[in-house]
Structures are given as C-alpha cells and as structure tokens.
Amino acid sequence: MLTACASAIPVGVPAPANGATPAVAAPGAAPVVSPVLRWPVRTAEHVDLWLHAFALLSTDTARVRLYRTGYRDSLVVVRNQQNVLTSLDANQATLAKGMALTGGYLSAQFLPFEFTNWDAMKYAIERFLQYGGDPRRAPDRETQVRVALIGSMFPTAADREWLRLFLAGVLDERERFFAAEYSQQMRTRAPVVTAVDSLWQQVYRAKFERFLNNTSQRQGDLLLSLPIGGEGRTAPGSTRRTMVAVPFPARRADAVEALYVLAHEITGSLVGTVVADNTTPAEQRAGTADRYVSMGQVQAGAMLLAIIAPELRDGYVRYYVEQGNLRRAGTTYAARFDESFALPPAIRDALQRQIDIILSGI
C-alpha cells in the first residue's frame, strides 16, 4: 500500500541551494533538512493559466492530444453556470483566427516554463510590448534576454498585437474565473497529488533513474497540469532543470497516468535525431518526418516502460489508444496501438537500439 506523502510544491517556492527540501525544526533546535528530491512533484498556476487560455481558443484534433480530452467543453459548462464572460470570450474569434494563421503559436505555449510565477511573466510580456519587441530598448541585460525570447515567438507587429489582445484576455480570465477555479481544483485534488507523489518517489523514480541520468535529466520537476493532455510538455524551466508537465489526474486511482506521459516525454529528445537519421530530405520537406516524430514519441515511451517497468506498459498502451479515441471494436488495445502509431521498421529498430544503449550505460 502506498503511504501518504507531502503535497506538490508550487513552482517558485524557494529551496535550499543544495536542492534539499526544507523542514520545520523545533524552537531552538538546529534546522532540519530532508533528503534531496531530485524530481519533486510540483504544480504551477501560471503555467496552467497560460495553457488554459490557449486551450479555450484551440481546436485540438491531434492524434495525441495537446489538451486534456473535453477540457474546453467542461470549462464552458462551469463558466456558463457561474455566468462568467471575459474578454477572452469576447475576442475569441479574433484570437482564434490569429492562431490559425500562425499554426497555433505552438512555441509560445512553452513560454511560462521560463518564469517562476505569473507576476514575473506578466512583467516580461508588458516590457516586450512596451519596447515594440526591440530588446535594445530594454534597460538591463535580463530584460533584454526576456524581450528577445518573447520576440522569437511573436516576431511581427501583427504577432505583437495578437499578444497584446491575448494578454488582456488572460488577465481578465485570471481575475474573473481562473484563480478561484484553480484554488478549488487544488483543494479537491490534494489526495491525487499525494497519490502521484507516493507512486513516483517511493516506487518508480528509482526505476526511471538510470534513463534520466544517462540522458542528462538527473535533475528535474514533474509538473501536474490541469489543461495538459497526453502530448505533455517538456522545457528547461527557469532554473534550467528539465521540467516535464503531465496531465493532472482527476482521481487517485488514475495517478499512474502521470507516469505514462512522463515516459512519453523523457524519451522525446531521442526521437527527433533518430527520425532525422532515417528519413530523406524529401520526407522531411513533405512533413512525413514530423508525423514520425509524433508517432515515435508514443512508441519510445512504450519501449522504455517495457524494460524498466513492464507492469506499466499495457496501461500505457491503453491510455494512448483512448487519448486519441482510437479504440475499434474487434481489435485489442495492443493491435490498435501498433496500427495507430506505426513506424517504418528502420526507425522503430533505431529507437529500440538507442534506448537499449542508454539503459546499458553506467
């Protein structure tokens, strides 16, 4: 039986310089320092706020979902019940049209990982807009770097105008709905956080450790996110530690789903190189290679689990088949998985070799 663990640590909470987790000492006693948590389970309200706003504007038709299945529809019901209308709703058509013209501003979805909280992120975006996207106008080096980063995601005047409208909508959404809804969800899902933390820290982190260490992911954060679907998100984070955002399960019984998406995400860095080495320039120009990368990430996660935690592989297969609503009468989950996420043999074999090499390393 899993035992209770501490709740997730919000991103932005200071930690000791050595990475240890602070603990409260008795009055007059020496400070108590708990063992280092190399991959703590965390939450991040500003990440969820930003992705929540994108989810409300997006039509998610990807085979592996960017956002939790039914996320937007479920929130529409809640917002209607509360009679909530924000400027994000009022400008929905304009913002959605802008996203369609730019492919969804996909890189901008990773922006919040660069900041520890909403105030820091909001400040950087406002300075970017104030300086017209020109980092040379910023007064200090840190602000210049932030302005340049945001500028890489919103390079044109039209992009900056879209961002200005989007930011206004996010601010209104936060004040009128999201902050209260997020707080309620954190209270409701506290037992789920405990279940994920226990499952990860006490059972599975040790099984993932060799792969994480040998792929330069020794330090990181496992981020539970309300809007995210099976695609997950991975970014260096503001501290340059690997930050992997995975779906926030709705029930304790579903805690293992967070680990399915973790497996999918931490193998992602291998897939692009393998696909590039095993596709032609013509396939890369045609977008075929991009499709192989998406399929390859799903397959690589299953390959990894088959070796380090074989008891999770069947659940992983079922999860990704159901994520894309790919189940079909008369077929097993395993057969539907192999059919839906099929790869050329050369790519599949190369992925398996890479995973084997990494796990055989010291």
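Residues numbered from 1 in each chain as written. Predicted model: local features only at pLDDT ≥ 70, side-chain atom pairs only at ≥ 80, totals over all residues. Heavy atoms only, no water.

Caption draft 1: Broad picture of the overall build of the chain. A tally of regular secondary structure across the chain gives 15 helices and 7 strands. Here the chain holds 362 residues, and 48% of them are scored as buried. Summarising the internal contacts of the chain: among those between residues at least 6 apart in sequence, 71% fall at separations of at least 24. Carbon and sulfur atoms make up 54% of the accessible area of the chain, which totals about 17100 Å². (Helix = DSSP H or I, 4+ residues; strand = E, 2+ residues; numbered from the N terminus. Buried < 20%, exposed > 50% of the residue type's maximum accessible area, 1.4 Å probe, protein only. Contact = heavy atoms within 4.5 Å. Areas by Shrake-Rupley, 256 points an atom, 1.4 Å probe, with all protein chains shown as cover.)

Caption draft 2: How the structure looks around the packing of aromatic side chains. By the definition in use, this model includes 17 aromatic pairs. Residues Tyr260 and Tyr316 carry aromatic rings whose centres are separated by 6.3 Å and whose planes lie at 85 degrees to one another, so their mutual orientation is edge-to-face. A residue pair is termed long-range when its members are at least 10 positions apart, and Tyr260 in helix H9 (residues 257–266) and Tyr316 in helix H13 (residues 313–323) qualify at 56 residues. The exposure class assigned to Tyr316 is buried, which follows from its relative accessible area of 0%. An angle of 50 degrees between the planes, with centres 5.8 Å apart, marks the rings of Tyr260 and Tyr319 as tilted. Placement of Tyr260 in helix H9 and of Tyr319 in helix H13 is noted, with a sequence separation of 59 residues between them. (Phe/Tyr/Trp six-rings, centres within 6.5 Å; stacked < 30°, edge-to-face > 60°.)

Caption draft 3: Structural detail: the pattern of salt bridges. Going through the model one piece at a time under the given rule, you end up with 15 salt bridges. Among the ionic pairs, Glu126 bridges to Lys122, the shortest N-O distance being 3.0 Å. In this pair, Glu126 and Lys122 are both assigned in helix H5 (residues 118–130), 4 residues apart and thus about one turn of the helix distant. The closest approach of N and O atoms between Arg205 and Glu209, which form a salt bridge, is 3.2 Å. Here Glu209 and Arg205 lie together in helix H8 (residues 190–214), a separation of 4 residues that amounts to about one turn. Residue Arg205 is classed as buried on the basis of its relative accessible area, which comes to 17%. Among the residues examined, Glu209 registers a relative accessible area of 25% and is labelled partly exposed. (Salt bridge = Lys/Arg side-chain N within 4 Å of Asp/Glu carboxyl O.)

Caption draft 4: How the structure looks around the layout of surface pockets. Its boundaries defined by the atoms lining it, the second largest pocket holds a volume of some 390 Å³. What lines the second largest pocket is a set of 15 residues, among which Phe110, Glu231, Thr234, Glu265 and Gln297 lie closest to the centre. Only strand E6 (233–235), H9 and helix H10 (268–277) provide two or more residues apiece to the lining of the second largest pocket. Per-class residue counts for the lining of the second largest pocket are 4 nonpolar, 8 polar and 3 charged. (1 Å grid on protein atoms, 1.4 Å probe; cavity = no way out; pocket = protein on both sides within 12 Å on 5 of 7 lines; lining within 4 Å. Points joined across faces, edges and corners; volume = space filled by probe spheres on them. Nonpolar A, V, L, I, M, F, W, Y, C, P; charged D, E, K, R; others polar.)

Caption draft 5: Up close: the environment of Leu224. For Leu224, the position within the fold is in strand E5 (residues 220–225). When its relative accessible area of 0% is taken as the criterion, Leu224 is described as buried. It is 9.1 Å that separates the C-alpha atoms of Leu224 and Val196, two residues lying 28 residues apart in sequence.

Caption draft 6: A look at the pairing of strand E7 (residues 242–247). Within E7, 6 of the 6 residues are buried, which leaves it mostly tucked inside the rest of the structure. Relative to E7, E5 runs parallel, the two being bridged by 6 bridges. When the bridges of E7 are listed, Asp221 appears paired with Met243. As defined by bridge partners, E6 adjoins E7 across 3 bridges and the pair is classed as antiparallel. (Pairing = 2+ DSSP bridges.)

Caption draft 7: Expanded view of unusual backbone geometry. Despite not being glycine, Tyr105 shows a phi value in the positive range, around 50 degrees. Tracing the backbone through its elements, the reader meets Tyr105 in the loop between helix H4 (92–102) and H5. On the basis of relative accessible area, Tyr105 is assigned to the buried category, the value being 6%. For Ser216, which is not a glycine, the phi torsion comes out positive at approximately 60 degrees. With respect to the element layout, Ser216 can be found in the loop between H8 and E5. Judged by its relative accessible area of 70%, Ser216 is exposed.

Caption draft 8: Examining H9 more closely. For H9, the buried fraction is high: 9 of the 10 residues fall into the buried class. Along H9, the positions that sit buried rather than exposed are Ala258, Leu259, Tyr260, Val261, Leu262, Ala263, His264, Glu265 and Ile266.

Caption draft 9: Main features of the packing of H8 against helix H12 (residues 288–308). Relative orientation of the contacting elements H8 and H12 amounts to 125 degrees, with a least axis distance of 10 Å. Judged by the angle between their axes, H8 and H12 are oblique. For the element pair H8 and H12, the recorded crossing hand is right-handed. On the side of H8, the interface is formed by Lys207, Phe208 and Phe211, while H12 contributes Leu304, Leu305 and Ile308. In the contact of H8 with H12, the residues fall into 5 nonpolar, no polar and 1 charged. (Axes fitted to C-alpha atoms, helices over the stretch in contact; angles between N-to-C directions. Parallel < 35°, antiparallel > 145°, perpendicular 65-115°, else oblique. Left-handed = near helix turned anticlockwise from the far one by under 90°.)

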